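Structural description and commentary
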Amino acid sequence: MEECISIFDMLKIGVGPSSSHTLGPWRAAERFLSELRSENLISSTIRVKVDLYGSLSLTGKGHATDLALMLGLSGQDPENIPIQNIAGITKNIEDNKEINLGNEKQIPFYFLQDIVFNRDFLPFHSNGLIFTAFTSDNQEYSATYYSIGGGFVVKEERINAKKKIKIKCAFPFTIDKASELLNFCKSENKKVSEIVYENEKSMRSETEIQNEIMRIWNVMLESMYTGCHSEGILPGGLNVRRRAFDMHQNLIGLTNYDSPQTWLEQIRTTEVKFRQILKWVSCFALAVNEVNAALGRVVTAPTNGSAGVIPAVLMYYLVIENHEAGEKEIKQFLLVASEIGSIFKKGATISAAMGGCQAEIGVSSSMAAAALCELMGGTPEQVLMAAEIAMEHHLGLTCDPIGGLVQIPCIERNTMGAIKAIHAAELALETNPKNAKVPLDKVIDTMWQTAKDMNHKYKETSEGGLAIAVNMSDC
């Protein structure tokens, strides 16, 4: 049986632009610091070196992997660090050529030498990194980590252990496959969200669940709000101009509001013409991923590169479908979305470095479609059908970011994933589950087989597709 994957594992608060290349290495650095503390090595450490491998090396510069490592090693927390402080902290490390290791000890740090981009791959995963601490008594302490997508980080020995033993989950409803989820829904006469909620209650109080879900939603809402109110050019050298600002202005006109919450209420009272609906959905998705591309704070859903799909679809429900919806519906939506994401993670991957963009935009679209379907009255069978339809039409999608940046085509792909999710939910609601031909588990299996067959050039390496067809100078 697999490990328990909570909604708060699938939906994490972090800093962009990438969950696997930014948040994952950041968390790996934190774990390495914890190991050094447990071994009583912080005080004797005089140098730290980080070797990056595979996709982390090939597209790490564009994904700010080096900045994330410096922030992680200096003891900063991605959930709470003031975004406006990031540039100053990293510049100070570069200029002074030293780092405050774990916020405890100043040591020399030459980021051009101490963060090494190796083009070769480690055997277990495309996103590998090795930390080495050198001590004053000529000892070395090393640890190898793998950033496996969505901000999840594992160690090599952990992967080996999972091959040898099965880890029992403590949830009352243990779920590896969509078929198991559906069986529990039938036997317990519960919705998907209710099954997931029972699992969550086995780990934490109902108050804690509610508060944490709303904290996640508020970060999603703030990222949409920030993106809709930010002008300018995104960093990285592609000179990509933010579009959410202009689109938002054209849609909402001159209005008065002073916070993300009052902004949401203002939109809900704005008359939305039929032809504007998809523009609003696109605006919400663009806004989140422009914030993500600018090293802003977003929620991995299930990754940073696909962070705009789920907020955009949930906003669609709140703004277009149900003006009376509130915390109850937000909780229901995110519970369903997280469970679908966890099934994909267990049965395939949510890492573009392993599976291409089908593992990010495809999975996020599937998560959003299922969640929207339940909110709109879908049965558990229709909920899983919505997830299946959304993924079916993302199969084979490659990850080929220009310049290794999460900008082109990544930002626009979030709008496509959100719109497909809405269509998938609507199709599922109009379909008798008895007429369904392809179960979700089969699509997940197919996605994983497609991922294994996909040429490595199309798995977040910037060595194929648009990444080589379009030069940086063309942009």
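Keep in mind that this is a model prediction, so the values were computed, not measured. (Residues numbered from 1 in each chain as written. Predicted model: local features only at pLDDT ≥ 70, side-chain atom pairs only at ≥ 80, totals over all residues. Heavy atoms only, no water.)

One number sums up the size of the second largest pocket: a volume of about 360 Å³. Put simply, the parts of the chain that give the lining of the second largest pocket at least two residues each are helix 4 (65-73) and helix 5 (86-96). Here the lining of the second largest pocket gets three residues from one element, more than from any other, and that element is helix 5. For the lining of the second largest pocket, the residue count by class is twelve nonpolar, five polar and two charged. (1 Å grid on protein atoms, 1.4 Å probe; cavity = no way out; pocket = protein on both sides within 12 Å on 5 of 7 lines; lining within 4 Å. Points joined across faces, edges and corners; volume = space filled by probe spheres on them. Helix = DSSP H or I, 4+ residues; strand = E, 2+ residues; numbered from the N terminus. Nonpolar A, V, L, I, M, F, W, Y, C, P; charged D, E, K, R; others polar.)

Between two packed helices, what matters for the description is the angle formed by their axes and the separation of those axes. Interaxial distance between helix 10 (residues 206-228) and helix 14 (residues 309-321) falls to 10 Å at its minimum, and their mutual angle equals 90 degrees. One finds that helix 10 runs roughly perpendicular with respect to helix 14. For the pair helix 10 and helix 14, contact is made by Trp217, Met220, Leu221 and Met224 and by Ile310, Pro311, Ala312, Leu314, Met315 and Leu318, respectively. Its residues assigned to classes, the contact of helix 10 with helix 14 comprises ten nonpolar, no polar and no charged. (Axes fitted to C-alpha atoms, helices over the stretch in contact; angles between N-to-C directions. Parallel < 35°, antiparallel > 145°, perpendicular 65-115°, else oblique. Contact = heavy atoms within 4.5 Å.)

Here we take up the sheet that holds strand 8 (residues 152-155). Pairing between sheet strands relies on hydrogen bonds along the backbone, with the strands arranged either parallel or antiparallel. Spatial ordering of the open sheet is given by 5-2-6-7-8, a layout of five strands whose pairing is mixed. Whereas interior strands pair on both sides, the edge strands pair on one side only; in this sheet they are strand 5 (115-117) and strand 8. Each strand of the sheet is rotated relative to its neighbour by a mean of 25 degrees, with strand direction disregarded. (Pairing = 2+ DSSP bridges.)

With that settled, the discussion passes to the state of the cysteines. Taken as a whole and judged by the stated rule, the model has zero disulfides. Of the cysteine sulfurs around cysteine 228, a residue in no disulfide, the closest is that of cysteine 283, at 3.6 Å. With relative accessibility at 0%, the residue cysteine 228 sits in the buried group. Lacking any disulfide linkage, cysteine 399 is separated from the closest cysteine sulfur, that of cysteine 357, by 5.7 Å. (Disulfide = S-S within 2.5 Å. Buried < 20%, exposed > 50% of the residue type's maximum accessible area, 1.4 Å probe, protein only.)

So, about the pairing of strand 2 (residues 45-54). Most of strand 2 sits inside the fold, with seven of its ten residues counted as buried. Relative to strand 6 (residues 127-135), strand 2 is paired through nine bridges, and the arrangement is antiparallel. Opposite threonine 45, over in strand 6, you have threonine 135 as the bridge partner. Looking at chain direction, strand 2 and strand 5 are connected through three bridges and run parallel. Across the sheet, residue valine 50 finds its bridge partner in strand 5, namely isoleucine 115.

In total, this model carries 19 salt bridges according to the counting rule given. The residue arginine 204 makes a salt bridge to glutamate 200 at a minimum N-O spacing of 2.8 Å. Overall, the relative accessible area of 1% leaves glutamate 200 in the buried class. The partner of glutamate 265 in a salt bridge is arginine 268, with the nearest N and O atoms 3.6 Å apart. You can see glutamate 265 and its partner arginine 268 sitting in helix 12 (residues 260-268), three residues apart, about one turn around the helix. By relative accessible area, which is 43% here, glutamate 265 ends up partly exposed. Members of the salt-bridge network, linked through shared partners, are Arg27, Glu30, Asp77, Glu79, Glu212 and Arg215. (Salt bridge = Lys/Arg side-chain N within 4 Å of Asp/Glu carboxyl O.)

Over the atoms, a rolled probe matching the size of one water molecule traces out where space is still vacant. Across all of its chains, the model carries three cavities of 30 Å³ or more by this definition. Roughly 120 Å³ of volume is contained in the largest cavity. Classifying every residue of the lining of the largest cavity by side-chain character gives eight nonpolar, four polar and three charged. What lines the second largest cavity is simply Ile5, Ser6, Ile7, Met10, Phe171, Val196, Asn199, Glu200, Ser338, Glu339 and Ser342.

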